[in-house]
Structure formats: structure tokens, C-alpha cells
Number of protein chains: 2
Amino acid sequence: MKPKITLKDIARELEVSISTVSKALKNSEEISRDTKDKIQAFAKLYNYKPNNIAVSLKNRRTKNIGVIIPDIVHHFFTTVIRGIEKYANAKGYNVLVCVSNEGYEREVINMELLANGSIDGFIMSLSTETQQKNDYNHIKEVTDQGIPMVMFDRVTDRINCDKVVIDDAQGAFLAVKKFVESGKKKIALITTDDYLSVGKARTEGYKKALSHYNIPLEESLILKLPSMEVEASAFDTFFKTQEVDAVLCVNEIFAIHAMRLAHGMNKRIPEDISFIGFTDGLLSKFAMPSLTAIAQHGELMGEEAARMLIEKVETENEEETFSTTVLEPTLIERDSTL
Amino acid sequence: MKPKITLKDIARELEVSISTVSKALKNSEEISRDTKDKIQAFAKLYNYKPNNIAVSLKNRRTKNIGVIIPDIVHHFFTTVIRGIEKYANAKGYNVLVCVSNEGYEREVINMELLANGSIDGFIMSLSTETQQKNDYNHIKEVTDQGIPMVMFDRVTDRINCDKVVIDDAQGAFLAVKKFVESGKKKIALITTDDYLSVGKARTEGYKKALSHYNIPLEESLILKLPSMEVEASAFDTFFKTQEVDAVLCVNEIFAIHAMRLAHGMNKRIPEDISFIGFTDGLLSKFAMPSLTAIAQHGELMGEEAARMLIEKVETENEEETFSTTVLEPTLIERDSTL
DNA sequence: AAAAGTTACGAAACCGTTTTCGTGTTAATA
DNA sequence: TATTAACACGAAAACGGTTTCGTAACTTTT
């Protein structure tokens, strides 16, 4: 049990002042070679490391970035975190992860907690509940305090800050394009309610693509689920009542579930019915048949978000100027499409 | 842009001393009702929140706990984090997540960084590289400083600290039991090299179960992969040369891959060949057929680890006494077994 | 009316750094 | 030799809180 050594300890031991020690360890020109050598050697011997908290207090910079995500047990978000970590660590920053658990309350609490000096900036993705309530005052308060903020994926234009998203509409467009080009005509969409920003954009892209390819839009081919949970009965009735030859799903789970149903109805995949799912995660790769997917490039998104944030944190923010980076989705072709 | 208000600001504005403000906000008996009311009202009006960093410096307690995991894009670890978050948040702690990316170097760097005052204690799982090198000096240094530490899942007995693991051997035993009881005789094991603590324990459990059921151990039925990566060729030759009717895999991916191969060889699952995989993750649930799995109870593990850590952090550690919690695995029966 | 006890507050130390500014000593210049 | 400049270091303030202790002004006790 050897407790941490401080500047004061070194100063006392070497009979110099604290300031001298501090400067010597920073290799300041002010201090003589002899004294520096002595102090540096002593510090190394006792494995001196400055106390982060004290440094943070003094510099008003913590070198921590706060990340608020809706759910950590979710492949997409973890890839984003990986990207953030990667970039942030390389720049000497730590990542403080807080999970809102898709709830408004926890999002608020976590942000307030972190905003009181624990972090230099935020990277966040909105919880569904926050999106439903459409209440962003907690975020506004943070940005008003001058704390840099980058939102990713689930963003809102009610807040003025840097953002990084993928072009969800374009992703849906790519999927429909793929279907059309392989001769599909009755293209269904399984999505969530519109309050989820991404669900909305994807639905728009789907509709746009249909009109682009002169396929009449049939509202009955759009299945809207109230949440991200799989509601088996809704799927059942949908597939029993609708005649479709291609299905675009806004997430993997929906797609896997739908494929199972189709399989159970003795349809051949992809000949009789094709599938494409958003978010190219583990399930897509390992499904049977493997699922053609629209990749969200989470890791890239995380890196970009971290880049933007650290940029803002490290520059004396003269003018408030915000930008939105739009990443292009990619279609990963597998066995669920022709 | 309204910057944070400090005690000093309030004191100046209300023409009292800083100490009075501090005490008033803590509702100290020392301060008169009148003054407290005035100060509290003012503080609320200007939304005063104490600066975490300053409080941490003074109290030498950060209310942060550091979590070091090998990989964040991994279902098991994320469930553990969820458990940690859940418990820690309820106790008013934040979670600082750092990813070692299965590397020794990053593990050391991250720990040193966090150990300099950023956190009150560690929860960690060893990177594979650290386990291979068998070098735990960086961890020893941290515990020597009196920083509380809890290790989970991938632990080592070279370090004296609290631990929480699941009984991996018992998990393997359960799986073999299941196979035997459904009439299987030629039971294979697909695992990784022994340096991974969990792989070793699982292999032991497998062997123990075989002997318990009087099934001769055939080393040729054990396929050892050098890493967690799926090596397709190794799988191929194994299944071409060995006659098996049940396969236990140390992770989902191995199991899914093996099932595919069996499927490709026109074997019926589970009649001709059954499968069980460790780590009851998404893939197991959504595989086709769905995979019988040994649940690791990651969330529970996380909660328990957090509980142990916070217990240590919050008690004046009189005596050094460490304990290991062993969680019981559970067999989740699905369609890949009879 | 003097002694003792309360009440309500402020001064100051402290946590561990960083950084500005002042100063005693020595060396270079006039 | 007196003046100035360079050098090497220390004192002290600051970051934003918490907490101990001291004390002026009253109130109560004897």
C-alpha cells in the first residue's frame, strides 16, 4: 500500500518549492539542468503522476468526453462507441459512457450530472422517449452553457449543434433500387412510428424510390410497429393479408423475424421473397440465409463525431458555426436478395 | 451563453461569505432560516450546481467508476456494462468505459490514465493479450495504491481482489448432461486455446462431465482454435474427419458456423446432431434453428461487480479481505437440442 | 451587572496543480 | 566600480468547493 505521491511530497523531500518541482517536471527553461535532473529522477523513481482532478480543476479541461446513448446492448451503438473511443483515445481523451435506456428522465439526469464539470463536451443520440416528448430543454441548457455538443444518428433540428448522421433516406432508396433491379414489384416496408427520426427518413426514402421507379405506393404495404419490439401478431396478419415479393425492414430483428415467417409459409428466399434490413450487424451476417443489409458505418460515425467534438473543444470558439456531416450508407449484398 | 454560476458569484451578489453560501445550500443548522431561504432561492433561480471536479478534489472521491473491457462490440460485455450502469447509477456513480481492444498496451495505458484520480475504483475483465503475456504488474500497481478493484469473467488468481465469475466448468457440465440425457454419445467440443481462462474452465467441465457419465474422452473430438476468429478450414476438416452427434461450442459464433456446416452436410438438427453454445446472446435467439445456450448472466454479473466495488469504495477499508462470487450458469433450451 | 452560553456568520486552510510575478545572486556591461 | 541583465528559484494567487475554528453580538443564567 503506497499512496500516490504529490508535488508537495517531492518538494518537501528535495527541499525546493512546489513551483520549482512543477516547472522542473515540465522541463521548463527557468530551472537549471541540475535541479531538473534531480527532480525528474526523483519523480520517476517514485512514479509520480499528476492528479487528473487537480489538473482539470486548474485548467478547466477534463480531457473527458461524455457519451449518452439510448442502449448499450445494441450493436450499432457499440460500433459508434468503438469509433469514438478510437479517435478520442488517440487524442488523449477518455470516454464517459452513460446510458439513457431509451428514457427521457435518465437522459436528463445523466446530462446534468456530467455537465457539472465532468466532461469537456457531449456526444449523444436521443432516446426514443425524448423524441416522443419532443422536449430538448435539457440539451439546450447544456449548449447554452457553451459546452460543445455533437449529436449522431438520432438527432433533432430543434437543437443547434454539430451533427453526424447517415443518409437514411438514401439507404432506403438503395434497398428499393436493389429490389426493383432484381424484378421485384410488391415491395413492403416494415418500420416504426414516425416519431423516431430515423424511421421517418427511411420511410421517405422508400416512398421516393417507389415514385422514382414508377411503382404505385400502397399504404397497405407499409407495416408500422409502435415500438422496436417484435409484435408477432402484427407480423402474422400482415404476411397473411398482403402479397409481397420483397421486404425492407428498418432493423435486423424485424427482418429476421419476417424471414422466419416467410420460411414458415414455404416461400423461397430470395426467389419468392427478398429481404433487406437496416443496420448491418451480427444478425445479418449470421442469419440463415444471410441478410442483405444497409450498413450504417457506426464506427466511422463515431470517429467523425469525436473528431468534430474535439475540434470544437480545442479551439477557442470564436464564432458559433455548426455543421452536419452526412455519411453515405452502403448496401451489403448477401443471400436474402437475388 | 450563460456560464456556470459559482459559490463565489452567489456570495458576491448576496453580500455574504462563501462559507455561508456553502453551508446554506447544505441546509446547515449553523445558518439562520432567513439567510438560508434567501440563498437557496437565489441558487435555484440561477440554477446553481456544484462543480464536480472541485468537489472531487476536495473530497478525494470522484463518484466515477472505471470499467476496462476487452471489446465493446460484444454482446456479453455490453450486458455486463448494462448491469454495472444500472447499479452504479442508482448509487449516484458514473461509469467511465475504456476498451483495451484485447491488447495489453491499451489496457495498461487506460488503467494508468484512470488511476490518477479520475475514478474511485476499477471493474475489469482481462484482455487476451494480457492473459497470454501473463503480466499483471499494471494491475498490481493499482491495487497497491489502495484503489479498489473487481475483476469479472476473465480473471486471474495472480491478483488479490474481489472477483465475480460464472462457473464455466458447471456450464459445460450442464451442456454435456443435456446431450447425454437426450441420448447423444459422440460429443465434440469446439474451444479456444487454454490461455483464455474461460476456455480452460469450460474444457475442464466438459471432461469432468464425460467421465461422470462414463463416456470415454477422445481428444480428437476436441477442436482447439488459436483465437476467437472462425477458421473455416479448421471447421471443415474437423467435421469431415470426425463422426459426432453433439457439439458444444465456447461461443455463439463457433456454434452458428458449425450448425451451418452440418446443415450443408444435410444433417438434421437436432436429430442427427445437436448444438449448444456458450453465451446466450442475440445470435442464439435468432439463429435458425435457434440455439440452445448456456446463459452467462452478464447483467447480473455487472450488478454484482458494481455492488462489490461500491461496497469497498464506501467503507473505510479496515482489513483487506477479498471474496469471489461465483454465478451459476443456466441452460436455455431451444431448437438445436432434443 | 458580570459570567456563561447561543446564535449566525466569516476567515482561512485545504485538496493538488499551474502560472504569474517578484527577488536575491551572480555575471556581463559601461 | 556602479549599473544592468540574466539566471534560478520561491511566494502566492487561482481553480471551486468543504470544513474547522474563531468571534461579535445577543441572550440567558446567577
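Cut-off values and rules
- Residues numbered from 1 in each chain as written.
- Chains lettered and ligands numbered in written order.
- Predicted model: local features only at pLDDT ≥ 70, side-chain atom pairs only at ≥ 80, totals over all residues.
- Heavy atoms only, no water.
- Helix = DSSP H or I, 4+ residues; strand = E, 2+ residues; numbered from the N terminus.
- Rg over C-alpha atoms; globule rule 2.2 N^0.38 Å.
- Buried < 20%, exposed > 50% of the residue type's maximum accessible area, 1.4 Å probe, protein only.
- Contact = heavy atoms within 4.5 Å.
- Areas by Shrake-Rupley, 256 points an atom, 1.4 Å probe, with all protein chains shown as cover.
- Lys, Arg positive; Asp, Glu negative; His and termini not counted.
- Charge placed at Lys NZ, Arg CZ, Asp CG, Glu CD.
- Near = heavy atom within 4 Å.
- Polar contact = N/O pair within 3.5 Å; in protein donor to acceptor, adjacent residues only side chain to side chain.
- Nonpolar A, V, L, I, M, F, W, Y, C, P; charged D, E, K, R; others polar.
- Pairing = 2+ DSSP bridges.
- Axes fitted to C-alpha atoms, helices over the stretch in contact; angles between N-to-C directions.
- Disulfide = S-S within 2.5 Å.
- Salt bridge = Lys/Arg side-chain N within 4 Å of Asp/Glu carboxyl O.
- Expected span 1.5 Å × (residues − 1).
- Least-squares fit on C-alpha atoms with pLDDT ≥ 70 in both.

Chemist: Whenever I open this one, the overall build of chain A confuses me. Can you help?
Modeler: Scanning chain A from terminus to terminus reveals 14 helices and twelve strands. Here the C-alpha radius of gyration of chain A, 26 Å, is well above what a compact globule of 338 residues would show, namely 20 Å. Referenced to the eigenvectors of the C-alpha coordinate spread, the extents of chain A come out at roughly 85 × 40 × 35 Å. The buried share of chain A, reckoned over its 338 residues, is 54%. Looking at chain A alone, contacts between residues at least 24 apart form 71% of all its contacts between residues at least 6 apart. Just so you have it, chain A exposes about 15100 Å², and 49% of that area is on carbon and sulfur atoms. Counting 42 positive and 50 negative side-chain charges, chain A places the averaged centre of each group 5 Å from the other.

Chemist: Looking at this structure, I do not really get the protein's contact with DNA strand D. What am I missing?
Modeler: In the vicinity of DNA strand D, 28 residues are found, and the nearest of them are Thr20(A), Lys23(A), Glu30(A), Thr35(A) and Arg60(A). Taken together, the sugar and phosphate atoms account for 59% of what DNA strand D places within 4 Å of the protein. Side-chain polar atom of Lys58(A) to a base nitrogen of DNA strand D: 2.9 Å apart, as the coordinates give it. Broken down by secondary-structure element, the contributors of at least two residues to the surface near DNA strand D are helix H2 (18–25) and helix H4 (52–59) of chain A together with helix H1 (7–14), helix H2 (18–25) and helix H4 (52–59) of chain B. Residues of the surface near DNA strand D, tallied by class, amount to nine nonpolar, ten polar and nine charged.

Chemist: Please explain H4(A) as it appears in this structure.
Modeler: In an α-helix, one turn spans 3.6 residues, which is why side chains three or four residues apart end up on the same side. For H4(A), the side-chain oxygen to backbone nitrogen distance between the N-cap and Ile53(A) is 2.7 Å, and the N-cap itself is Asn51(A). Trailing H4(A) by a residue or two, Arg60(A) shows a phi angle of about 55°, which is positive.

Chemist: Explanation requested: the sheet that holds strand S12 (residues 330–332) of chain A in the structure shown.
Modeler: Adjacent strands of a sheet form backbone hydrogen bonds with each other and so pair up, either parallel or antiparallel. All names here are of chain A. Sheet architecture is open: six strands sit in the order S7-S6-S8-S9-S10-S12, paired in mixed fashion. Of all the strands in the sheet, the pair left with one neighbour each is strand S7 (222–225) and S12. The sheet shows a mean angle of 20° between the axes of neighbouring strands, direction not considered.

Chemist: Please explain the protein's contact with DNA strand C as it appears in this structure.
Modeler: As a matter of local geometry, DNA strand C sits amid 29 residues, with Thr20(B), Lys23(B), Glu30(B), Thr35(B) and Arg60(B) nearest to it. Sugar and phosphate atoms represent 59% of those atoms of DNA strand C found within 4 Å of the protein. A distance of 3.3 Å separates a base oxygen of DNA strand C from a polar atom in the side chain of Lys58(A). Contact distances for DNA strand C include 2.6 Å between a phosphate oxygen and a side-chain N or O atom of Thr35(B). Mapped onto the surface near DNA strand C, the elements with two or more residues apiece are helix H1 (7–14), H2 and H4 of chain A together with H2 and H4 of chain B. Of the residues contributing to the surface near DNA strand C, the split by class is nine nonpolar, ten polar and ten charged.

Chemist: Which parts of the structure should I look at to understand the state of the cysteines?
Modeler: Where two cysteines share a covalent bond between their sulfur atoms, that bond is called a disulfide. What the rule picks out here adds up to zero disulfides over all chains. Residue Cys98(A) stays outside any disulfide, its sulfur separated by 13 Å from that of Cys98(B), the closest cysteine.

Chemist: I tried to follow the pattern of salt bridges on my own but got confused; where do I start?
Modeler: Where side chains of opposite charge bring their charged atoms close, a pairing between them can arise. All told, the structure shown has 42 salt bridges over all chains when counted by the stated rule. A salt bridge links Lys23(A) to Glu30(A); the nearest nitrogen and oxygen atoms lie 3.3 Å apart. Taking relative accessible area as the criterion, Lys23(A) reaches 30% and is therefore assigned partly exposed. The exposure class assigned to Glu30(A) is exposed, which follows from its relative accessible area of 60%. Residues joined by salt bridges that share partners form a network here, namely Asp71(A), Arg82(B), Lys86(B), Glu299(B) and Glu303(B).

Chemist: Even after reading the chapter, I still don't get the sheet that holds strand S10 (residues 292–295) of chain B, so can you show me in this structure?
Modeler: Residue and element names in this part refer to chain B. The six strands are arranged S7-S6-S8-S9-S10-S12 in an open sheet whose pairing can be described as mixed. The open sheet has two edge strands, strand S7 (222–225) and strand S12 (330–332), and neither has a second partner. Mean inter-strand twist for the sheet, computed between neighbouring axes without regard to direction, equals 20°. Sheet topology places strand S9 (residues 274–278) next to S10; three bridges connect them, and they run parallel. Bridging across to S10, Gly277 finds its partner in Ala293. Contacts between helix H9 (residues 168–181) and the sheet are confined to strand S6 (187–192), strand S8 (246–249), S9, S10 and S12, with S9 contributing the most and set at about 170° to the helix.

Chemist: Where do I start with unusual backbone geometry in this structure?
Modeler: One can expect most non-glycine residues to show negative phi and most peptide bonds to be in trans. Following Ile269(B), the chain continues to Pro270(B) via a peptide bond in cis, the omega torsion being 5°. Of note, the amide linkage connecting Met288(B) to Pro289(B) takes the cis form, showing an omega dihedral of -5°. Tracing the sequence through the fold places Pro289(B) in the loop between helix H13 (282–286) and S10. A positive phi angle, close to 60°, is found at Asn134(A), a residue other than glycine. As for its placement among the helices and strands, Asn134(A) is situated in the loop between helix H7 (128–133) and helix H8 (137–144).

Chemist: Before we go on, may I ask you to explain helix H5 (residues 75–90) of chain B in this structure?
Modeler: Helix length check: H5(B) (16 residues) gives 23 Å between terminal C-alpha atoms against 22 Å at 1.5 Å per residue, within 8%. Backbone geometry just after H5(B) places Gly92(B) at a positive phi near 80°.

Chemist: Please clarify how the relation of the copies chain A and chain B should be interpreted in this entry.
Modeler: Mapping between the two chain copies consists of a rotation about an axis together with a translation along that axis. Least-squares fitting of chain A to chain B yields an RMSD of 0.1 Å, with the transformation described by 0.1 Å of translation along the axis and a rotation of 180°. The symmetry that links the two subunits is that of a two-fold axis. When C-alpha positions in chain A are compared against the rotation axis, the closest is assigned to Leu96(A), at 2.2 Å. Here 100% of the contact residues of chain A are again contact residues in chain B; the copies associate through an equivalent surface.

Chemist: Got a minute to help me understand the side chain of Asp120(B) in this structure?
Modeler: Position of Asp120(B) among the secondary structure elements: in the loop between helix H6 (104–115) and strand S3 (121–124). Among residues more than four places away in sequence, those in contact with Asp120(B) are Arg61(B), Thr62(B), Lys63(B), Asn64(B), Tyr93(B), Ile147(B), Pro148(B) and Val313(B).

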